[in-house]
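Listed below, chain by chain, are the residues.
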Amino acid sequence: MNRYLPDDIAVLSAQEAEMRFHSRLNAVSKTYCYRIETAAKKNVFERRYVYGLGEPLDIAAMRRAAAYLTGEHDFKAFCSLKRMKKSTVRNLTAIELTMQESVCELHFRGNGFLYNMVRILTGTLIEVGLHKRTPESFFYLRSPEEKNLWQKDIDMRLQRKERHSRENCQQCWRLFH
């Protein structure tokens, strides 16, 4: 099967699923990974796959902020769509931050994500890492008034963010009950 796929896609395993199986709707978890280069000199070979920030990040502060985000919350403030017909409550089971040399990797795992949610979360966590926002400000995410202020601020940042830093997405399914 892999010989028919592009070089950057590979099938690792396959199994038969029910006839009504839908890859997006039946997913029980999803994981996104964003990579941020913190060194002043960027790796030219990875420029399409790593966001070139070029500044050091306070990883400890970013982890404190991530702790406020994990769990089940209303993430409407982190969605770029203005009107959502369905619930904006999502369960973010883990946000892991690691440093691989000068590259910060952010892994987001949850039961589903809103439109541009992970991109906006990444940009906001970068602001925490640059000391432009405090980790504790995430605690107020639950306040409707605060959400409106965050949404305006996030909308402005989203327009400036580069789109190529998302490296991979992984989905897990429960095929048989």
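From a predicted model like this one, the values you see are computed outputs, not experimental measurements.

Caption draft 1: Structural context of helix α1 (residues 59-69). Every buried residue of α1 is listed here: Ile59, Ala61, Met62, Ala65, Ala66 and Leu69. For α1, the angular spread of buried residues about the axis comes to 155°, placing them on one side. The elements touched by buried residues of α1 are β3 (71-74), β4 (89-100), β5 (103-110) and α2 (117-129). N-cap assignment for α1: the residue whose side-chain oxygen lies 3.3 Å from the backbone N of Ala60 is Asp58. Positive backbone phi, approximately 110°, marks Gly71, located one or two places after α1.

Caption draft 2: Examining α2 more closely. Compared with the 18 Å implied by 1.5 Å per residue over 13 residues, the 18 Å span of α2 between its first and last C-alpha is a close match. For α2, the buried fraction is high: 13 of the 13 residues fall into the buried class. His131, located one to two residues past α2, shows a positive phi value of around 65°.

Caption draft 3: Region of the structure containing the nonpolar core. Formed by 33 residues in total, the largest nonpolar core has its most connected members in Leu57, Met62, Leu69, Phe78 and Leu125. Those elements giving two or more residues to this core turn out to be β1 (27-37), α1, β4, β5 and α2. Per-element tally for this core: the top contributor is α2, with seven residues.

Caption draft 4: Representation of the packing of α1 against α2 within the structure. Remark: α1 packs on α2, axes separated minimally by 8 Å, with the N-to-C direction vectors making an angle of 140°. One finds that α1 runs oblique with respect to α2. Relative to α2, α1 is oriented so that their crossing is right-handed. Side by side, α1 and α2 meet where Ala61, Met62, Ala65, Ala66 and Leu69 of the first sit next to Leu121, Leu125, Ile126, Val128 and Gly129 of the second. A breakdown of the residues in the contact of α1 with α2 according to their chemical character gives nine nonpolar, one polar and no charged.

Caption draft 5: The arrangement of the pattern of salt bridges in detail. Considering all chains together, one arrives at four salt bridges under this definition. A salt bridge links Glu105 to Arg35, with the shortest nitrogen-to-oxygen separation between them at 3.4 Å. Here Glu105 is found in strand β5, whereas its partner Arg35 is found in strand β1, with 70 residues between them in sequence. The exposure class assigned to Arg35 is buried, which follows from its relative accessible area of 11%. Note that Arg133 and Glu127 form a salt bridge whose closest N and O atoms lie 3.3 Å from each other.

Caption draft 6: Region of interest: the side chain of Arg133. Along the chain, Arg133 turns up in the loop between α2 and α3 (144-160). On the basis of relative accessible area, Arg133 is assigned to the buried category, the value being 15%. At a separation of 3.3 Å, a polar atom in the side chain of Arg133 contacts the side chain of Glu127.

Caption draft 7: Looking closely at the packing of aromatic side chains. In total, this model carries two aromatic pairs according to the counting rule given. With 5.2 Å between their ring centres and 80° between their planes, Tyr32 and Phe113 make a pair best called edge-to-face. Here Phe113 lies in the loop between β5 and α2 and Tyr32 lies in strand β1, a separation of 81 residues in the sequence. When sorted by exposure, Tyr32 lands in the same class as Phe113, which is buried.

Reading the values: the criteria
Residues numbered from 1 in each chain as written. Predicted model: local features only at pLDDT ≥ 70, side-chain atom pairs only at ≥ 80, totals over all residues. Heavy atoms only, no water. Buried < 20%, exposed > 50% of the residue type's maximum accessible area, 1.4 Å probe, protein only. Helix = DSSP H or I, 4+ residues; strand = E, 2+ residues; numbered from the N terminus. Arc of directions from axis to C-beta. Contact = heavy atoms within 4.5 Å. Polar contact = N/O pair within 3.5 Å; in protein donor to acceptor, adjacent residues only side chain to side chain. Expected span 1.5 Å × (residues − 1). Core = buried A, V, L, I, M, F, W, Y, C linked by side-chain atoms within 4.5 Å. Axes fitted to C-alpha atoms, helices over the stretch in contact; angles between N-to-C directions. Parallel < 35°, antiparallel > 145°, perpendicular 65-115°, else oblique. Left-handed = near helix turned anticlockwise from the far one by under 90°. Nonpolar A, V, L, I, M, F, W, Y, C, P; charged D, E, K, R; others polar. Salt bridge = Lys/Arg side-chain N within 4 Å of Asp/Glu carboxyl O. Phe/Tyr/Trp six-rings, centres within 6.5 Å; stacked < 30°, edge-to-face > 60°.

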